[in-house]
There are 2 protein chains.
Amino acid sequence: MPHSKWIMSAKTAKDHLAGPLFLCVLSNTDTCRIPNISAAGATTELNDYTPAADAEIVVYGSPRSAPEMPMKKGGAPTPAVMTRAALQLTGMPYFFINAGLRIVPDVPTIDLCADPGRDIRQGDAVSHPDVIYASACQIGSQFGKLSDSIIIGESIPGGTTTALGVLTALGYEYGVSSSFSENPLEIKRDVVRQGIDASGITVSEARDDPMRAIASVGDPMMPAVAGMVAGLADVVASADAGSDMGSGTGSHDCDIILAGGTQMVAVFAIMKHLGLDMDRISIATTKYVYQDRSIDFKAVIRDLGCRIHVVDPGFADSRLPGLRKYEAGEVKEGVGAGGVMYAAGMSGVDQRTMLGTVEAVYEELMREDGV
Amino acid sequence: MPHSKWIMSAKTAKDHLAGPLFLCVLSNTDTCRIPNISAAGATTELNDYTPAADAEIVVYGSPRSAPEMPMKKGGAPTPAVMTRAALQLTGMPYFFINAGLRIVPDVPTIDLCADPGRDIRQGDAVSHPDVIYASACQIGSQFGKLSDSIIIGESIPGGTTTALGVLTALGYEYGVSSSFSENPLEIKRDVVRQGIDASGITVSEARDDPMRAIASVGDPMMPAVAGMVAGLADVVASADAGSDMGSGTGSHDCDIILAGGTQMVAVFAIMKHLGLDMDRISIATTKYVYQDRSIDFKAVIRDLGCRIHVVDPGFADSRLPGLRKYEAGEVKEGVGAGGVMYAAGMSGVDQRTMLGTVEAVYEELMREDGV
């Protein structure tokens, strides 16, 4: 034995944190199988593959598990092309979270062991959201020790309808956005109404117990994101208190950016009613969501006190027709695209470089598709 | 829209890294079902539960999924008590990796989608180790952007036998350690000989293609650890080169500590023959493994050029008989215990504090067990 001491050599421990980290929650809800409700897949039948395909496009540049691209033929590309481009430009670390997937991607995921969400029309959409929340909290508390700025995105087809479900249950009438340029809001409202009626939940019950709103008319992405945020906040809160498993890292600030449109507004509202400290939490999204007149962002900012960062990826000037379709309202946002582009901009990437990189990623994807 | 610029506000990006991070790979191999080969469970039948129970003990202080404690009645406790104590004292972030589990813990894991390993006597132990390696590499490359010091541990019952398998296949005769105080080395050597004969692999074939040695007589933990290390190294190598998805984080040093005994010696040998840069990779383990005369550490250091950090948790002075059994050679090491205790020591925790915390964790665990 080369030494008799407890530890054989000494080295100065470093005690500082990395830059932004991107976490992307992948989920399914059977709500997306309701005809004409989501454009987040080539067809309604293929919507289940979209989160897995999005993750594969972010990591590899093209899908591996899915039989088709996660987008309409001839339509605007999945927002995963923006996410991949922004991650390439920043070198930002990223992880995918499996929070109720039907199709697991060919990419490692952090598995919360959640079931996919059910069709919200029955009013019994998510099993044990509190268990998903607790698992996500455990993961969030670890990531909070590693980074001072966390961006959380999502990919869940049908997610704007479940967002409308929870916002309605909580008594907010902001409307929601859509991956269609023509938002099928009437269909969504009808679906939500059926779900709320079936569950019997009232606004005051939902506000007292947001987990019940999720269980009734939400989706499994929601407790996953809320739980991770609670875990991140927990690290901050416990850093000086020396609590169990949370001590020793020293106090630090952690900015949390919810990357997405209406779905993240719903998660923000859930967390507010859960009583979480919302001071360091903001939303980042694309201008395509922000300019969507289906949702009243002024009311969101006024009611919820939510700061919103808006990103214009400059697709109006793109040489590629598919990207220009975003300007006409197709797809709009997803896979954390707005949030990671915001972080890219914050780190000094300009709009022209961002656009050029998105175009290159999109062309690479189209070549893989044989177009 | 509150602004017309690409990004609405500016903030200085931070570009430094967190302190040590602990990654623990959890796997099963059917090799542990061979009678009298492993003490890493209450009984041979219950060995499959051990990695899940270990993870639950680290996170919660007691097992949740397993029907029994992952240890012999009246025997030394699982090394998970040391791991939990060291993580409590340091607040170090940690994640568990599922690399072929039969029983998934009640703790979120990063899922590499690997199958459990088969009994090595048939010479066909691991399916597609290259795929496990590639998935692990993807995860390693992300963690490498977050921390400058990564400690990798394992929990896989039967793992010293598969370690002997791969070391033998690679032509090294160091012997291996054991979780029994009386090491059943003859049984292990016989099992390994059957596996090598069944696979037909030669030493030169194994050295040319260590993945084939894993596929024949290894286990799924091995390509998971090797792949994560390759991914971590990849970040370091590509940080200045601006390669795809790895650029932008700036160059940094990443120390990698393989936390364990003989099993990590086997992984070290595999990585050396894979041609990885081994400069910043060392092994940390407990003195109970280091002092085990079943393994020739002098030869390991001489042949492989491997630096070994040795930790004495001071159990000789414990008031608890279960911990003193480590001094008699029971259990010895596992769940990254040596590595996280080494990191705790490096961060200024003294031996007396370490021992007191391990005792408290062990007593908490025994209370849960109703003892």
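The preceding data block contains the structure.
Residues numbered from 1 in each chain as written. Chains lettered and ligands numbered in written order. Predicted model: local features only at pLDDT ≥ 70, side-chain atom pairs only at ≥ 80, totals over all residues. Heavy atoms only, no water.

**Considerations on the overall build of chain A**
Turning to step 1, where the next piece is worked out: Within chain A, the regular secondary structure consists of 14 helices and seven strands.
Turning to step 2, where the next piece is worked out: A fraction of 80% describes how many contacts in chain A between residues 6 or more apart in sequence connect residues 24 or more apart.
Turning to step 3, where the next piece is worked out: Here chain A has roughly 12600 Å² of accessible surface; of this, 46% comes from carbon and sulfur atoms. (Helix = DSSP H or I, 4+ residues; strand = E, 2+ residues; numbered from the N terminus. Contact = heavy atoms within 4.5 Å. Areas by Shrake-Rupley, 256 points an atom, 1.4 Å probe, with all protein chains shown as cover.)

**A word on the pattern of salt bridges**
When the charged atoms of two side chains with opposite charge come close together, those side chains can pair.
Turning to step 1, where the next piece is worked out: Applying the stated criterion across every chain yields a total of 32 salt bridges over all chains.
Turning to step 2, where the next piece is worked out: The closest approach of N and O atoms between B:Asp292 and B:Lys332, which form a salt bridge, is 4.0 Å. Within this pair, whereas B:Asp292 is found in the loop between α10 (287-290) and α11 (297-304), its partner B:Lys332 is found in the loop between α12 (321-327) and α13 (337-346), the two being separated by 40 residues in sequence. The pair formed by B:Asp292 and B:Lys332 is uniform in burial state, with each residue classed as buried.
Turning to step 3, where the next piece is worked out: If you follow the salt bridges from partner to partner, you end up with A:Asp30, A:Arg33, A:Asp48 and A:Arg102 in one network. (Salt bridge = Lys/Arg side-chain N within 4 Å of Asp/Glu carboxyl O. Buried < 20%, exposed > 50% of the residue type's maximum accessible area, 1.4 Å probe, protein only.)

**Quick word on the packing of helix α7 (residues 210-217) of chain B against helix α9 (residues 262-274) of chain B**
All names here are of chain B.
Turning to step 1, where the next piece is worked out: Between α7 and α9, the least distance of the axes is 9 Å, while the angle of their chain directions is 145 degrees. Across from Pro210, Met211 and Ile214 in α7, the residues of α9 making contact are Ile270, His273 and Leu274.
Turning to step 2, where the next piece is worked out: Looking at the contact of α7 with α9, its residues break down into five nonpolar, one polar and no charged. (Axes fitted to C-alpha atoms, helices over the stretch in contact; angles between N-to-C directions. Nonpolar A, V, L, I, M, F, W, Y, C, P; charged D, E, K, R; others polar.)

**Looking at the side chain of A:Ser294**
Turning to step 1, where the next piece is worked out: Following the sequence through the fold, A:Ser294 ends up in the loop between α10 (287-290) and α11 (297-304).
Turning to step 2, where the next piece is worked out: For A:Ser294, the side chain forms a polar contact with the side chain of A:Asn183, separated by 3.2 Å. (Polar contact = N/O pair within 3.5 Å; in protein donor to acceptor, adjacent residues only side chain to side chain.)

**Some details on the packing of aromatic side chains**
Turning to step 1, where the next piece is worked out: A complete count under the given rule lists 16 aromatic pairs over all chains for this structure.
Turning to step 2, where the next piece is worked out: Ring geometry for B:Phe95 and B:Phe143: centres 5.2 Å apart, planes at 45 degrees, overall tilted. Of this pair, B:Phe95 sits in strand β2 (residues 94-98) while B:Phe143 sits in helix α3 (residues 129-143); the two residues are 48 residues apart in sequence, bridging distant segments of the chain.
Turning to step 3, where the next piece is worked out: Here B:Phe95 falls in the buried class, since its relative accessible area comes to 3%.
Turning to step 4, where the next piece is worked out: Ring-pair connections join several aromatic residues into one group, and the members of that group are A:Phe95, A:Phe143, B:Phe95 and B:Phe143.
Turning to step 5, where the next piece is worked out: Note that A:Arg64 overlies the ring of A:Tyr60, its terminal NZ or CZ placed 3.4 Å from the centroid. (Phe/Tyr/Trp six-rings, centres within 6.5 Å; stacked < 30°, edge-to-face > 60°. Lys NZ or Arg CZ within 6 Å of the ring centre and 35° of its normal.)

**A few points about helix α2 (residues 80-90) of chain B**
Residue and element names in this part refer to chain B.
Turning to step 1, where the next piece is worked out: Among the eleven residues that make up α2, ten are buried, leaving the element largely enclosed by the rest of the structure.
Turning to step 2, where the next piece is worked out: Of all the positions in α2, only Ala80, Val81, Met82, Thr83, Arg84, Ala85, Ala86, Leu87, Gln88 and Thr90 are classed as buried.
Turning to step 3, where the next piece is worked out: In the core, the buried residues of α2 are packed alongside β1 (21-26), α1 (50-60), β2, α12, α13 and α14 (351-368).
Turning to step 4, where the next piece is worked out: Immediately beyond the C-terminal end of α2, within one or two residues, lies Gly91, with a positive phi of roughly 65 degrees.

**Examining the nonpolar core**
Turning to step 1, where the next piece is worked out: If you look at the biggest cluster of nonpolar residues, it comprises 151 residues, and the most contacted ones within it are A:Phe143, A:Leu258, B:Phe143 and B:Leu258.
Turning to step 2, where the next piece is worked out: Those residues in contact with B:Phe143 that lie beyond four places of it in its chain are A:Phe95, A:Phe143, B:Leu21, B:Leu23, B:Phe95, B:Ile110, B:Ile150 and B:Leu232. (Core = buried A, V, L, I, M, F, W, Y, C linked by side-chain atoms within 4.5 Å.)

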